[in-house]
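Structure assessment
Single-letter residue listing:
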Amino acid sequence: AAAPTSLTLNFAVPHATIHRNATIFQANVPAVSGDMGILAAHVPLVDQLKPGIVEIVQSAGAKAEKYFVSGGFVTVTPDSIINISAVEAAPLEHFDLETAKRNLDEAQRSDSPVNRIEAEIYQALVTALTQSK
């Protein structure tokens, strides 16, 4: 059998489906084990997502759709199906850098466990927004 040339993407958060059975060329994910690009015929895997950008590339050379995710999981099956389950996800363009910086400063004012989690997410968001300019 010929190797697959595309991925089938399912991308969801608990309250919505972002993509269902979408045919894509590539997905880039912020995995805990390291950022990775996933193409057709990728080795099967399950990995945890850290806060960062998920990029969805519909076709070779196309501009990526960028989503900020707060965390979650990615699985890739032997038949080139990629499932991304995120706690929260939103298009990167929905975020404002100055607001994210203010929220990061606020979260860093306390060392409580909740504030440490918020600071980690806001730091990832600030980094993502800064790099995407």
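Refer to the structure above for everything that follows.
Here we summarise the structure given alongside this text. On a predicted model such as this, the values are computed, not experimentally measured, just so you know. (Residues numbered from 1 in each chain as written. Predicted model: local features only at pLDDT ≥ 70, side-chain atom pairs only at ≥ 80, totals over all residues. Heavy atoms only, no water.)

1. A look at the pattern of salt bridges
Here the structure, examined in full by the defined rule, presents four salt bridges. With its nearest N and O atoms 3.7 Å apart, the salt bridge here joins Asp 35 to Lys 50. Highlighted residues: Asp 35 in strand β4 (residues 34-39) and Lys 50 in the loop between β5 (45-49) and β6 (52-57), separated in sequence by 15 residues. Look at Asp 35 and you get exposed, because its relative accessible area is 60%. You can call Lys 50 partly exposed: its relative accessible area is 32%. (Salt bridge = Lys/Arg side-chain N within 4 Å of Asp/Glu carboxyl O. Helix = DSSP H or I, 4+ residues; strand = E, 2+ residues; numbered from the N terminus. Buried < 20%, exposed > 50% of the residue type's maximum accessible area, 1.4 Å probe, protein only.)

2. Description of unusual backbone geometry
Of note, Asn 21 is a non-glycine position whose phi angle comes to about 50°, a positive value. Relative to the helices and strands, Asn 21 resides in strand β2 (residues 16-24). On the basis of relative accessible area, Asn 21 is assigned to the exposed category, the value being 52%. For Ala 41, which is not a glycine, the phi torsion comes out positive at approximately 65°. Along the chain, the position of Ala 41 falls in the loop between β4 and β5.

Remember that the coordinates give geometry; whether it matters functionally is a separate question.
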